Structure formats: structure tokens, C-alpha cells
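Each chain, written out:
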Amino acid sequence: MTQPADEHALDPRAGVSELRPAGDAVLVPTAEIREEDLPADRNQAILQAAKQVGALLKKTGLPFALAGSVAVYAHGGTQNLQHDVDFCIRPQDADAVAGALAEAGLTVYTPPEDWLLKATCLGQQVDLIFELAHEPVSTELLDRAEELSVDSVLMPVLSPTDLMGGLLAAFSEHHCDFGAVLPIARTLREKIDWDALRRARGDEPMPAAFFYILERLEIVPPKEDPS
């Protein structure tokens, strides 16, 4: 998942300490995985990584939620997954999550962006996001997550409305790819609270332009005239 870095990033670093690559592998020996051992289908490889990390996060007992393209897939979207796996965690849980994944044998590290951690699982990149749409991931956001089956593994998944809200909030003059978000809106349109998103983002230029496109394509009904 990408998010433009700006002055709204968390400060201080939400208690995230310096992280070093994990040492000896325990549950997921990623260092020993050979290319020929990975699924030939990249989508399946990403799903396997999501299942592995989701299972490890469940063992911690800490709140989390699957996000990104795998979350869209879990809600009924097509299996056209992007280049990584995304999970949302609370800022105060970042150190504990990093420690649990490192203990399981995953390589965990802090990237230059200060709103997430990164890990590697089964050769796939995993983003552990603790700031979404320039706001810290909250307990309330994770409480709205839905327990869904992700390729036969149950885990909390961000609600469709929160997924779309994060995408709308990420639109800016430097990042405004309507084409990538349009299929998601079309697929999940009946599961999204569009009125709530209009109230939250409808007056912002980029989301307003996106709503206009959705209306013209008859994906969402036109905004009611308050008069």
C-alpha cells in the first residue's frame, strides 16, 4: 500500500524502536525458501503470505486488520492482487508485532517512511501500517473490521467503507490514480456506505472529482440536492 509521505506523519515514531533483520528462522524460514518452492502464480504467493502473517498476528492477541488488495479480494473482489500484503495495526502495538514476526523468522525492518513497518514472508513484501490516510490506526477502525475467510483462513478484514475511505484520502495532486480505484468501487459498491464517505471526503477536490466520475458511470446515485 502506498501513502504519500508529508508533514502529517506520526511524530514521535509511535514507540517503534530500531529494528534489525530477524535472526534464525523459527516458523517461517524465509531465508531457506528457493524460487522454485514458491507458487508459480504470484497472486497465490501473495495469498499464502497474507495467510502466514495473519495467523502470526492472531497469535499475538493484538487487534489488527487485513487491508489493501487482499482485503478487497476477501470482500468479493477479483483475485488480481497487487505487489504486496497490507495489514493495519495500532501504533502502540508496532514493537510487539515486530517482535512477534521476527521471532517467527520473518525479516522485519523500518523503512524511511515513518507510518509503517515492512516484513518479508515467503518472498513477498508485507506492509504493517500504523497510520492510514494521515491518521493513526485506531481501535475503533479495527473494531469495524469484519471476520472473513481469506483463502480458508479466518482473520479480521477492514470494512469496505474504511477501505474505500483510505483510498479516497490518499488522492492528491501527486497521487491520483482513479483508474486503479474505480474497479474496487464498482465491485464493492453495494457494501460501501457512500453517504458516510461523502460526508467525510466529498468536499475535498480529488474525492469530489472521483464521486463525479462514479455518478456519471452510474456506479453511485447522484448526490441529493439539499434544496
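As shown above, the structure is provided for reference.
Here goes a summary of the coordinates provided. Computed from a prediction, not measured in an experiment: that's the story for all the values here.

1. Quick look at the overall build of the protein
Stage number 1. Summing up its helical and strand segments, the protein has eight helices and nine strands in all.
Stage number 2. Split into buried and exposed, the 227 residues of the protein put 48% on the buried side.
Stage number 3. Counting contacts in the protein only where the partners sit at least 6 residues apart, residues at least 24 apart contribute 69% of the total.
Stage number 4. Approximately 11700 Å² of the protein is accessible, and the part contributed by carbon and sulfur atoms is 49%.

2. A short note on the packing of aromatic side chains
Stage number 1. A full pass over the atoms with the stated rule returns five aromatic pairs.
Stage number 2. Relative to F210, the ring of F178 has its centre 5.2 Å away and its plane inclined at 55 degrees; by these criteria the two rings are tilted. With a gap of 32 residues between them, F178 in helix α6 (residues 178-188) and F210 in helix α8 (residues 205-216) connect regions that are remote in the sequence. Both residues of the pair, F178 and F210, count as buried.
Stage number 3. Arranged with centres 6.1 Å apart and planes meeting at 80 degrees, the rings of W194 and F211 form a pair that is edge-to-face. Of this pair, W194 sits in helix α7 (residues 194-201) while F211 sits in helix α8, and the two are 17 residues apart along the sequence.

3. Here's the deal with the packing of helix α5 (residues 160-170) against α6
Stage number 1. As a packed pair, α5 and α6 sit with axes 11 Å apart at the nearest point and diverge in direction by 160 degrees. If you check the angle between α5 and α6, you find them roughly antiparallel. Of the two elements, α5 crosses α6, and the hand of that crossing is left-handed. Contacts from P160, M164 and L167 in α5 reach V181, I184, A185 and L188 in α6.
Stage number 2. For the contact of α5 with α6, the per-class residue count stands at seven nonpolar, no polar and no charged.

4. Some thoughts on unusual backbone geometry
Stage number 1. In this structure, D151 is a non-glycine residue whose phi angle is positive, near 55 degrees.
Stage number 2. Following the sequence through the fold, D151 ends up in the loop between β8 (146-150) and β9 (153-157).
Stage number 3. Its relative accessible area of 27% is what places D151 among the partly exposed residues.

5. Focus on the packing of α7 against α8
Stage number 1. In the contact formed by α7 and α8, the axes pass within 10 Å of each other and the chain directions differ by 150 degrees. By the angle between their axes, α7 is roughly antiparallel relative to α8. α8 is crossed by α7, and the crossing has left-handed handedness. Residues W194, L197, R198 and R201 of α7 form the contact with α8, whose own contacting residues are P207, F211, L214 and E215.
Stage number 2. A class-by-class count of the residues in the contact of α7 with α8 yields five nonpolar, no polar and three charged.

6. What about a nonpolar patch on the surface?
Stage number 1. Taken together, the side chains of Y212, I213 and L217 define a hydrophobic patch exposed on the protein surface, amounting to about 270 Å² of accessible area.
Stage number 2. Tracing the backbone shows Y212 in helix α8.
Stage number 3. Note on Y212: relative accessible area 48%, which makes it partly exposed.

7. Here we look at the pairing of strand β2 (residues 84-89)
Stage number 1. Across the six residues of β2, six count as buried, placing the element largely inside the fold.
Stage number 2. Taking every second residue as pointing to the same face, both faces of β2 are buried, with D84, D86 and C88 on one and V85, F87 and I89 on the other.
Stage number 3. Pairing of strand β1 (residues 64-67) with β2 involves four bridges; the strand directions are antiparallel. In the sheet register, F64 faces β2, and the bridge partner there is I89.

8. Description of the pattern of salt bridges
Stage number 1. Tallied over the full model, the rule gives six salt bridges.
Stage number 2. Salt-bridge contacts for D162 lead to R144; the nearest nitrogen and oxygen are separated by 2.9 Å. Pair noted here: D162 is in helix α5 and R144 is in the loop between α4 (139-143) and β8, with a separation of 18 residues, a long-range link.
Stage number 3. When its relative accessible area of 14% is taken as the criterion, D162 is described as buried.

Cut-off values and rules
Residues numbered from 1 in each chain as written. Predicted model: local features only at pLDDT ≥ 70, side-chain atom pairs only at ≥ 80, totals over all residues. Heavy atoms only, no water. Helix = DSSP H or I, 4+ residues; strand = E, 2+ residues; numbered from the N terminus. Buried < 20%, exposed > 50% of the residue type's maximum accessible area, 1.4 Å probe, protein only. Contact = heavy atoms within 4.5 Å. Areas by Shrake-Rupley, 256 points an atom, 1.4 Å probe, with all protein chains shown as cover. Phe/Tyr/Trp six-rings, centres within 6.5 Å; stacked < 30°, edge-to-face > 60°. Axes fitted to C-alpha atoms, helices over the stretch in contact; angles between N-to-C directions. Parallel < 35°, antiparallel > 145°, perpendicular 65-115°, else oblique. Left-handed = near helix turned anticlockwise from the far one by under 90°. Nonpolar A, V, L, I, M, F, W, Y, C, P; charged D, E, K, R; others polar. Patch = residues over 30% accessible without salt bridge, like charges linked within 9 Å, V, L, I, M, F, W, Y side chains within 5 Å. Salt bridge = Lys/Arg side-chain N within 4 Å of Asp/Glu carboxyl O. Pairing = 2+ DSSP bridges.

Note that every value here comes from positions in space, so none of it alone points to a role or purpose.
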